[in-house]
Amino acid sequence: MIPYRLLSMSSTLLVAAALAGPAGAAPAAPAAPAAPAAPSGAARRVPLPSPDDKPFPYTIELPAGWQVLLSKTVPGVFVGPASALEPEKDVRMIYVRVSPASMLDPEAVVANIKKSDAADDSWSAPLLEIRELGGVRGVLVRMDSGSGAEARSTLVLKMPLGKTSVDFMASAPRAEFERLLPVYQRVILSVLPVR
């Protein structure tokens, strides 16, 4: 069974992933501090294993005290604090997975997400841009959905992987998301291609 946190991410992201083709065609973290603590110590750059044990063509910079965990329940890996006992349920974790959506044309991905956002009031994309990291163009999108207690936000960096893509996703209830956003951005935007 896929945990609610990932189902929530997936339902919103399925819309975006479905649109990524050519144009026209969880519970709260235990005892988390009120604000994200700035990780102390040296960060380290690590390669990311894919679910099929082949390395992704990207590395990511992990703050001190963070680790990479293979998921036991969903295809992909999680990066986050070593104190996370259930990565699928911990909002501090960033989920990395292969997506079937093509990133061969980032402009088309952005155009399709904008088109879908305009046509569907159940979610919005207040941040949507092409982001170049290490010479590779990807798409960075924030998606907000729901309202009140059901409000959620998801930050996704979508990077090319052959004819598909790799998603780096962080998702949380809106209040927690805003608190965690600086850490999510620092880690997700540290992604670089392997050279």
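All of these numbers come straight from a predicted model, not from anything done at the bench. (Residues numbered from 1 in each chain as written. Predicted model: local features only at pLDDT ≥ 70, side-chain atom pairs only at ≥ 80, totals over all residues. Heavy atoms only, no water.)

Undergrad: Teacher, can you tell me more about the overall build of the chain here?
TA: Within the chain, the regular secondary structure consists of three helices and 10 strands. From first element to last, N terminus to C terminus, the chain shows the α and β order α-β-β-β-β-β-α-β-β-β-β-α-β. Classification of the 195 residues of the chain by burial places 49% in the buried group. (Helix = DSSP H or I, 4+ residues; strand = E, 2+ residues; numbered from the N terminus. Buried < 20%, exposed > 50% of the residue type's maximum accessible area, 1.4 Å probe, protein only.)

Undergrad: Looking at this model, I keep getting lost on the sheet that holds strand β1 (residues 44-49). Mind explaining?
TA: Strands belonging to one sheet form pairs held by backbone hydrogen bonds; the direction of such a pair is parallel or antiparallel. Strand order in the open sheet made by the three strands is β1-β2-β10, with antiparallel pairing throughout. Each edge of the open sheet carries a strand with a single partner, namely β1 and β10 (192-193). (Pairing = 2+ DSSP bridges.)

Undergrad: I keep staring at the nonpolar core and nothing clicks. Help me out?
TA: Soluble, globular proteins show a tendency: their nonpolar side chains are buried together. If you look at the biggest cluster of nonpolar residues, it comprises 30 residues, and the most contacted ones within it are Ile 60, Ile 94, Leu 157, Phe 168 and Tyr 184. Contributions of two or more residues to this core are made by β1, β2 (55-62), β4 (77-81), β5 (94-99), β7 (136-145), β8 (152-161), β9 (164-173) and α3 (174-188). In terms of residue count, the dominant contributor to this core is α3 (seven residues). Non-local contacts of Ile 60, meaning those with residues more than four positions away in its chain, are made with Arg 44, Arg 45, Val 46, Leu 48, Val 79, Phe 168, Val 187, Ser 190 and Val 191. With 17 residues, the next largest nonpolar core counts Phe 78, Met 103, Leu 128 and Met 143 among its residues. (Core = buried A, V, L, I, M, F, W, Y, C linked by side-chain atoms within 4.5 Å. Contact = heavy atoms within 4.5 Å.)

Undergrad: Teacher, can you tell me more about the pattern of salt bridges here?
TA: Where charged atoms of side chains with opposite charge meet at close range, the side chains can pair. Under the definition given, this model contains 11 salt bridges. One salt bridge in this structure joins Asp 90 and Arg 92, with 2.7 Å as the shortest N-O distance. We note that Asp 90, like Arg 92, is buried. Within this structure, Arg 142, Asp 144, Arg 174 and Glu 178 form a network of salt bridges that share partners. (Salt bridge = Lys/Arg side-chain N within 4 Å of Asp/Glu carboxyl O.)

Undergrad: Just checking my understanding: could you explain the packing of aromatic side chains for this structure?
TA: Working definition: an aromatic ring pair is given by the centre-to-centre distance plus the angle between the planes. Scanning the entire structure with this criterion turns up three aromatic pairs. Pairing Tyr 58 with Phe 168 gives two aromatic rings, centres 6.3 Å apart and planes at 85°, and the pair type is edge-to-face. Of this pair, Tyr 58 sits in strand β2 while Phe 168 sits in strand β9; the two residues are 110 residues apart in sequence, bridging distant segments of the chain. Judged on exposure class, the residue Tyr 58 and its partner Phe 168 are both buried. Ring geometry for Phe 177 versus Tyr 184: centroids 5.6 Å apart, planes at 50°, classification tilted. For the pair shown, Phe 177 and Tyr 184 are each scored as buried. (Phe/Tyr/Trp six-rings, centres within 6.5 Å; stacked < 30°, edge-to-face > 60°.)

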